[in-house]
Amino acid sequence: MDQTAVEAFGNYLRSQRKLAQLTLRELSDLAEVSNPYLSQLERGLHQPSVRVIKSLANALNLSAETLLAQAAGIDGANGDSAEGVSDTEATIRSDANLTDVQKAALLEVYRSMTGGLQDS
(Lines give C-alpha, C1' and ligand atoms only; values in the text may rest on other atoms or scores of the structure.)
Protein backbone atom coordinates (compact mmCIF):
# COMPACT_ATOMS: atom_id res chain seq x y z
CA MET A 1 0.00 0.00 0.00
CA ASP A 2 1.39 3.39 -0.92
CA GLN A 3 1.72 6.23 1.58
CA THR A 4 -1.20 8.16 0.05
CA ALA A 5 -3.56 5.22 0.67
CA VAL A 6 -2.30 4.86 4.26
CA GLU A 7 -2.91 8.58 4.86
CA ALA A 8 -6.35 8.38 3.24
CA PHE A 9 -7.26 5.50 5.55
CA GLY A 10 -6.05 7.51 8.54
CA ASN A 11 -8.26 10.43 7.53
CA TYR A 12 -11.22 8.09 7.02
CA LEU A 13 -10.64 6.47 10.42
CA ARG A 14 -10.46 9.86 12.14
CA SER A 15 -13.67 10.94 10.40
CA GLN A 16 -15.49 7.78 11.49
CA ARG A 17 -14.27 8.21 15.09
CA LYS A 18 -15.55 11.77 15.14
CA LEU A 19 -18.88 10.71 13.63
CA ALA A 20 -19.17 8.17 16.42
CA GLN A 21 -18.43 10.99 18.88
CA LEU A 22 -15.56 9.07 20.41
CA THR A 23 -12.27 10.37 21.69
CA LEU A 24 -9.09 8.68 20.61
CA ARG A 25 -8.83 7.07 24.04
CA GLU A 26 -12.44 5.84 23.97
CA LEU A 27 -11.98 4.21 20.57
CA SER A 28 -8.69 2.77 21.72
CA ASP A 29 -10.44 1.14 24.68
CA LEU A 30 -13.39 -0.13 22.64
CA ALA A 31 -11.17 -1.59 19.92
CA GLU A 32 -8.56 -2.89 22.37
CA VAL A 33 -5.81 -1.11 20.44
CA SER A 34 -3.19 1.04 22.15
CA ASN A 35 -3.86 4.76 22.15
CA PRO A 36 -0.45 5.65 20.60
CA TYR A 37 -0.90 3.06 17.83
CA LEU A 38 -4.40 4.34 17.04
CA SER A 39 -3.04 7.87 16.87
CA GLN A 40 -0.36 6.71 14.44
CA LEU A 41 -3.02 5.01 12.29
CA GLU A 42 -5.04 8.21 12.13
CA ARG A 43 -1.95 10.18 11.13
CA GLY A 44 -1.22 7.71 8.33
CA LEU A 45 2.00 6.40 9.81
CA HIS A 46 1.09 2.69 9.83
CA GLN A 47 -0.92 0.22 7.81
CA PRO A 48 -3.25 -1.71 10.16
CA SER A 49 -3.49 -5.48 10.33
CA VAL A 50 -6.72 -7.28 9.51
CA ARG A 51 -7.21 -7.99 13.23
CA VAL A 52 -6.96 -4.28 14.05
CA ILE A 53 -9.30 -3.38 11.19
CA LYS A 54 -11.89 -5.87 12.48
CA SER A 55 -11.59 -4.50 16.03
CA LEU A 56 -11.96 -0.93 14.82
CA ALA A 57 -14.93 -1.84 12.63
CA ASN A 58 -16.71 -3.46 15.56
CA ALA A 59 -16.00 -0.48 17.81
CA LEU A 60 -17.24 1.99 15.18
CA ASN A 61 -20.30 -0.05 14.19
CA LEU A 62 -18.99 -0.38 10.63
CA SER A 63 -18.72 -3.47 8.51
CA ALA A 64 -15.25 -4.97 8.55
CA GLU A 65 -15.50 -5.21 4.76
CA THR A 66 -16.06 -1.46 4.42
CA LEU A 67 -13.16 -0.62 6.71
CA LEU A 68 -10.91 -3.19 5.05
CA ALA A 69 -11.75 -1.79 1.63
CA GLN A 70 -10.90 1.70 2.88
CA ALA A 71 -7.59 0.41 4.28
CA ALA A 72 -6.84 -1.23 0.94
CA GLY A 73 -7.75 1.93 -0.96
CA ILE A 74 -10.65 0.30 -2.78
CA ASP A 75 -13.40 2.74 -3.80
CA GLY A 76 -17.09 1.88 -3.80
CA ALA A 77 -16.80 -0.89 -1.24
CA ASN A 78 -20.13 -0.24 0.47
CA GLY A 79 -22.79 -2.79 1.24
CA ASP A 80 -25.01 -4.18 3.92
CA SER A 81 -22.99 -5.59 6.75
CA ALA A 82 -23.49 -8.24 9.34
CA GLU A 83 -23.62 -5.36 11.85
CA GLY A 84 -26.66 -3.91 10.02
CA VAL A 85 -25.13 -0.77 8.54
CA SER A 86 -27.11 0.09 5.42
CA ASP A 87 -25.76 0.99 1.99
CA THR A 88 -27.02 4.51 2.58
CA GLU A 89 -25.18 4.90 5.88
CA ALA A 90 -22.00 3.46 4.42
CA THR A 91 -22.24 5.82 1.46
CA ILE A 92 -22.78 8.85 3.67
CA ARG A 93 -19.84 7.85 5.88
CA SER A 94 -17.47 7.42 2.93
CA ASP A 95 -18.48 10.49 0.87
CA ALA A 96 -15.37 12.66 0.62
CA ASN A 97 -17.48 15.63 -0.54
CA LEU A 98 -19.15 15.93 2.86
CA THR A 99 -17.68 17.35 6.05
CA ASP A 100 -17.90 15.39 9.30
CA VAL A 101 -20.64 17.74 10.50
CA GLN A 102 -22.63 17.21 7.28
CA LYS A 103 -22.20 13.43 7.54
CA ALA A 104 -23.43 13.42 11.14
CA ALA A 105 -26.47 15.54 10.19
CA LEU A 106 -27.36 13.32 7.24
CA LEU A 107 -26.99 10.16 9.32
CA GLU A 108 -29.24 11.64 12.00
CA VAL A 109 -31.92 12.61 9.47
CA TYR A 110 -31.68 9.25 7.69
CA ARG A 111 -32.02 7.31 10.94
CA SER A 112 -34.93 9.44 12.12
CA MET A 113 -36.78 8.64 8.90
CA THR A 114 -35.96 4.95 8.82
CA GLY A 115 -36.15 4.23 12.52
CA GLY A 116 -32.48 3.16 12.53
CA LEU A 117 -31.14 2.60 16.02
CA GLN A 118 -27.44 2.21 15.27
CA ASP A 119 -25.11 4.72 16.89
CA SER A 120 -23.04 6.83 14.53
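Let us look at the structure shown here. (Residues numbered from 1 in each chain as written. Predicted model: local features only at pLDDT ≥ 70, side-chain atom pairs only at ≥ 80, totals over all residues. Heavy atoms only, no water.)

1. Some thoughts on the environment of E89
Piece 1. When you line up the elements, E89 lands in helix 6 (residues 87-94).
Piece 2. With 18 residues separating them along the chain, E89 and L107 place their C-alpha atoms 6.5 Å apart. (Helix = DSSP H or I, 4+ residues; strand = E, 2+ residues; numbered from the N terminus.)

2. Some details on helix 7 (residues 100-114)
Piece 1. Taking 1.5 Å per residue as the helical rise, helix 7 with its 15 residues ought to reach 21 Å, and the 21 Å between its terminal C-alpha atoms agrees with that figure.
Piece 2. For helix 7, the complete set of buried residues consists of K103, L107 and R111. Along the axis of helix 7, the buried residues cluster in a sector spanning 60 degrees; they form a single face. In this structure, helix 7 carries V101, E108, S112 and M113 as exposed residues pointing more than 90 degrees from its buried face.
Piece 3. Contact partners of the buried residues in helix 7: helix 1 (3-19) and helix 6.
Piece 4. Where helix 7 ends, the next residue or the one after it, G115, has phi of about 75 degrees, a positive value. (Expected span 1.5 Å × (residues − 1). Buried < 20%, exposed > 50% of the residue type's maximum accessible area, 1.4 Å probe, protein only. Arc of directions from axis to C-beta. Contact = heavy atoms within 4.5 Å.)

3. Digging into unusual backbone geometry
Piece 1. Here E32, not a glycine, exhibits a phi torsion of approximately 55 degrees, which is positive.
Piece 2. Relative to the helices and strands, E32 is located in the loop between helix 2 (24-31) and helix 3 (35-42).
Piece 3. Its identity is not glycine, yet N61 carries a phi of approximately 60 degrees, on the positive side.
Piece 4. Positionally, N61 belongs in the loop between helix 4 (50-60) and helix 5 (64-72).

4. What about the pattern of salt bridges?
Piece 1. Applying the stated rule across the entire model yields three salt bridges.
Piece 2. The salt bridge involving R14 is made with E42; its shortest N-O contact spans 3.6 Å. Of this pair, R14 sits in helix 1 while E42 sits in helix 3, placing them 28 residues apart in sequence.
Piece 3. The exposure class assigned to E42 is buried, which follows from its relative accessible area of 4%.
Piece 4. Here R17 and E42 are joined by a salt bridge, their closest N and O atoms 2.6 Å apart. Of the two residues, R17 sits in helix 1 while E42 sits in helix 3, which places them 25 residues apart along the sequence.
Piece 5. Classification of R17 by relative accessible area gives buried; the value is 11%. (Salt bridge = Lys/Arg side-chain N within 4 Å of Asp/Glu carboxyl O.)

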